Every structure is written in structure tokens, then in C-alpha cells.
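A closer look at the structure
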Amino acid sequence: MLKSLASLCIARLLMVLCGMALCFTPSFAQQSSSMSTVELTSGKSKLLKVNDNIARISIGNPEIADVVLINPKEVYLLGKKQGTTNLFVWSAQGEALMHEISVTMDLQAFHSKIKKLMPDMDDVGIDVVSENVVLTGRVQDAMKANRLVTLSEAFSGGKKIINLLRIEGSQQVMLEVKVAEVSKTLLEDLGVDMNLTRTVGGTSINVLSQLLSSGSSAVSFTRANGRTNVTITGDMKKGLVKILAEPTITAISGQEGSFLAGGKIFIPVPQSSSTGATVITLEEKEFGVGVRFLPTVLEDGLINLRVTPEVSELSQTGTTLTSLSGQSTLLPSITTRRASTTVQLRTGESFAIGGLIKNNVSESIRAVPLLGEIPVLGALFRSTAFQTERSELLFIVTPRLAQPVNTAMALPTDSFIPPTRQDRFLNGSLEGRAADASANTSQSKVPDSLQQNKP
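Just so it is clear, the model here is predicted, and its values are computed rather than measured.

What follows concerns the overall build of the protein. Helix and strand counts for the protein stand at 6 helices and 24 strands. Taking all 455 residues of the protein together, 26% fall into the buried category. Across the protein, contacts joining residues at least 24 apart in sequence account for 61% of those joining residues at least 6 apart. Accessible area of the protein: about 30300 Å², with a carbon and sulfur share of 55%.

This part covers the packing of helix H3 (residues 107-117) against helix H4 (residues 142-156). It is the contact of H3 with H4, at a shortest axis distance of 11 Å, that shows an interaxial angle of 140°. On the basis of their axis angle, the class for H3 and H4 is oblique. Here H3 runs over H4; the crossing is right-handed. Within the contact between the two elements, H3 uses Ala109, Phe110, Ile114 and Leu117 and H4 uses Leu148, Leu151, Ser152 and Phe155. Here the contact of H3 with H4 is built from residues that sort into 7 nonpolar, 1 polar and no charged.

If you trace the 3 strands from one edge of the open sheet to the other, you get E2-E5-E4, paired in antiparallel fashion. The open sheet has two edge strands, strand E2 (45-49) and strand E4 (65-71), and neither has a second partner. Across the sheet, the mean angle separating the axes of adjacent strands is 25° when strand polarity is ignored. Across 5 bridges, E2 lies against strand E5 (residues 74-79) in antiparallel orientation. Its bridge partner being in E5, lysine 49 is matched across the sheet by glutamate 74.

Quick look at the sheet that holds strand E3 (residues 54-59) now. Taken together, the 4 strands give an open sheet; going across it, the order is E1-E7-E6-E3, and neighbouring strands pair in mixed fashion. Two strands in the sheet have a free side with no partner beyond their single neighbour: strand E1 (36-41) and E3. Across the sheet, the mean angle from the axis of one strand to that of its neighbour is 25°, orientation sign disregarded.

Here the focus is the environment of glutamine 255. Note that glutamine 255 resides in the loop between strand E15 (248-252) and strand E16 (257-272). When neighbours within four sequence positions are excluded, glutamine 255 is seen to be in contact with Phe293, Leu294 and Pro295.

A few words on the packing of aromatic side chains. Across all of its chains, the model carries 2 aromatic pairs by this definition. Taken together, a centroid distance of 4.6 Å and an interplanar angle of 10° make the contact between phenylalanine 110 and phenylalanine 155 stacked. Of the two residues, phenylalanine 110 sits in helix H3 while phenylalanine 155 sits in helix H4, which places them 45 residues apart along the sequence. Note on phenylalanine 110: relative accessible area 1%, which makes it buried.

Now for the nonpolar core. The biggest cluster of nonpolar side chains holds 19 residues, and the ones touching the most others in it are Leu175, Val179, Phe293, Leu305, Val307 and Phe351. If near-sequence neighbours (up to four positions away) are discounted, leucine 175 is found in contact with Pro247, Thr248, Ile249, Val291, Phe293, Leu305, Val307, Val397, Thr398 and Pro399. In this structure, Met121, Val128, Val149 and Ile161 belong to the second largest nonpolar core, which totals 16 residues.

The end-to-end C-alpha distance of H4, which contains 15 residues, comes to 21 Å, matching closely the 21 Å that a straight helix rising 1.5 Å per residue would cover. Buried within H4 are the following residues: Ala142, Lys144, Ala145, Leu148, Val149, Ser152 and Ser156. Down the axis, H4 shows its buried residues gathered within 160° of arc, on one side only. Summarising the geometry of H4, the exposed residues directed more than 90 degrees from the buried face are Thr150 and Ala154. Check the buried side of H4 and you find it contacts H3, strand E8 (124-129), strand E9 (132-139), strand E10 (161-167) and strand E17 (278-297). Phi for glycine 157, located one or two positions after H4, is positive at around 75°.

Calculation notes
- Residues numbered from 1 in each chain as written.
- Predicted model: local features only at pLDDT ≥ 70, side-chain atom pairs only at ≥ 80, totals over all residues.
- Heavy atoms only, no water.
- Helix = DSSP H or I, 4+ residues; strand = E, 2+ residues; numbered from the N terminus.
- Buried < 20%, exposed > 50% of the residue type's maximum accessible area, 1.4 Å probe, protein only.
- Contact = heavy atoms within 4.5 Å.
- Areas by Shrake-Rupley, 256 points an atom, 1.4 Å probe, with all protein chains shown as cover.
- Axes fitted to C-alpha atoms, helices over the stretch in contact; angles between N-to-C directions.
- Parallel < 35°, antiparallel > 145°, perpendicular 65-115°, else oblique.
- Left-handed = near helix turned anticlockwise from the far one by under 90°.
- Nonpolar A, V, L, I, M, F, W, Y, C, P; charged D, E, K, R; others polar.
- Pairing = 2+ DSSP bridges.
- Phe/Tyr/Trp six-rings, centres within 6.5 Å; stacked < 30°, edge-to-face > 60°.
- Core = buried A, V, L, I, M, F, W, Y, C linked by side-chain atoms within 4.5 Å.
- Expected span 1.5 Å × (residues − 1).
- Arc of directions from axis to C-beta.

Structure follows, in C-alpha cells:
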């Protein structure tokens, strides 16, 4: 009796255990009803375990992942190349189970490498979309974004990088350029024109020396008989030219900006046409105060700046061209002073480009041979011209990181007040006074009695 009771208890216990196994361990058929996804990392492996015995396996694309059946219930998976494929597993009873295999790059290792090389890149996200690396998040400047893209290209093995990073810092550079030039000229001329007429017997001798300069002052000596005439001319010219310009221009980092305050002239240029004839075309030339610059915002407020300031003006002399037929043509010419350099500055710092000094000296002497070399008296037979020109040019360049403003900007015309008749005719003023402007404003208001009543 006791043996039969024990056998009955053991049988019931086995039935309970079998039921629990059926509830908590899904069969191969139950697994085949839902597709599972297995994520692999390129170059790393993983074990896939199933409940039933495996008869055979098949991988869709062996170039993406490799599979090896280790034992009837374990499959060895190895990620080879980034991409997706599927794995079919057949049981001994002929039931099939499909697994989705996804092979991606090692994003965790990439994150740790980025954090080690660039510790302040905590707000950067890295993801993989269709074999492309996508960068998201925020960085402080464009230099850090470029470094992050370069590291991503090296780590991904040359994969395409989709840059969705947002740069928080200012990427607009305002360049302030001050151009200062002082030019001095000195011109001195001294010339002599002498006409002597003498008669020796029946022979008349005339000595004529036309060595006059282009001077505006002259002293003449003439005898009563008119046979002796001496004219001495002299001239002195002094000139001073001051040029001061302060152009300001703003450009985005990586884009070139330019400024020109001047004008344009057209120079005739001969060219040959298709028929062999000579055609005169006009070539456009610019002159004035100009600047070209290419800013690049680096990290920590550092600005890499390639700047080319220039000052050019029309020459007063020009260029004379003589054709084969002897016809002379005066063409305009442009005198240019230009400097070009690349520097690195922080916002608000300045650098100067100096040393553009010009010192020209020109001397010429026109004289009668032999007579002009006589001491003291030789001055009557020669003309002397002396010209010197000195100029110095200085550029001062200051880059700043520009920020937009929300307030109204002041205009140069805000302080202008139109003059009244009294200011124009009685005071001779071209601008009015602030008190007059307020009076005119009050007089221009419409009286309340003339305003229409609002309903």
C-alpha cells in the first residue's frame, strides 16, 4: 500500500515538472512563429543557443557573417562586414527558424576612443545608417567638428560620414582695417634762356640757348638795343597727401569677403579678330582702397586670417605709347600698393603691416656742351631739375567674432537736421539746430480742433 502511494506521488510530481517545462521553455515550433534579431559587431563573435537539436543551418550572405555549428544546440556567429542578412536554422523534426543578422561597427569602442582623444565631446552621438556613419550633437567650433569627422573616417575605414553636428559658437568674423598713408613731394626747377646777337664786321653772330624749364616764375633781362635777352625761370612745388580709410566687412568662416572704396576705369587693349584685323577692346581696372580676406574660426576663439589689403590710385603722368606711324597715345596707369599675409589672432587683437615706404629721387641737367661746365658762368648755360617723392603706407587689421544685435543701429543721417530759411539766409548754415528741429516738429502737428472725431 505504501509503495503504490509513493509511486502515485512520484508520477504526479513528474507531471507537474513537465508542465512547468512546457510553460517556461518554448519549443522549436514556438520559436519559429516569431523572427528574432541578432546584432553583431564587425570583427567580433557571439553564440546563438536554441532548445531543440539542430539538423542544419544556412546563412544568406556569407560575406557579412560567418556561422559554424558547434554542437546540436549552439551556433557560432562571426561578424565580418557591416550590413544585414538572415540565418535559417532547421531542427531534427524539419521545423525552420529564421534569425535577422545585423552587423555594425563597434560604436562602444568608437565612443571610448573619441572620449579619450577629445574629452569635451560629451554631447556628440554616433550612429550607423545603411553603412554610413552619422554624427549628431553639438560642438563649440568648426575645428572640433572637422577633427571629429577625420577621426570617424579613420575609425570606420573610409566609410561615408554624414555630418549633422551643430556648431554653437559664432562663425561670423568682422574685419576692421585701417589704412593710413602720407605722401610728400618736392619739385625744384631752374632754367635759363639766353639770346645774344653780335655783329663782327659784316658777320652777324647769334647765340641762342633754350634751356627753359616748365617753371611758373621768370626773371628777364633785356638791353635797350634788344641784342641781349636773358630769361631765368625757377619753380618749387611741395605737396602733401594724406589717405585714411577704415573699411569694415563681415564674412562667414571659410568664405571670402571683399571691400572696395574707389572706382573703375577702362583701358583700350588691341586684340586680333577672327578675320585677322585689329580690334580695340576695353579692359576694366579697379582702383581705390580695397581689402580681401578669408577667415577661418579655430578652437577657443582663435581666428586664422588670410588678408590682402590694397591701395591703388590713378597715376598723374600715365603711359605714353607711340605707334609705327608716329602717333602718340597717353594711356592711364594705376599705382598700386598691396600686401598679403596669413596670421592667427584672437578676437579683438590687432596686427600691423608696415614698411611700405617709397622714396624716389629724380635729377636731370640740360646744358650747352663745354659752356655749361664753366664754373659760376656755366649756370647761365644749363638747366637743373630736382624731384623727390616720399610715401609711407600702414595697414592695421583687427578681426572680431561678430554677434547679431537686436537693437536699432545708429545711422550717419540721424544727426542731420534740415536748416530753416533763417539758418540758410541769415546764419549761412547748412544744418539746423536741435532747438529749431523740435520747434518745427511741434508746429507740424495738427491741432486737436482740426482732427476728425473718431467714432
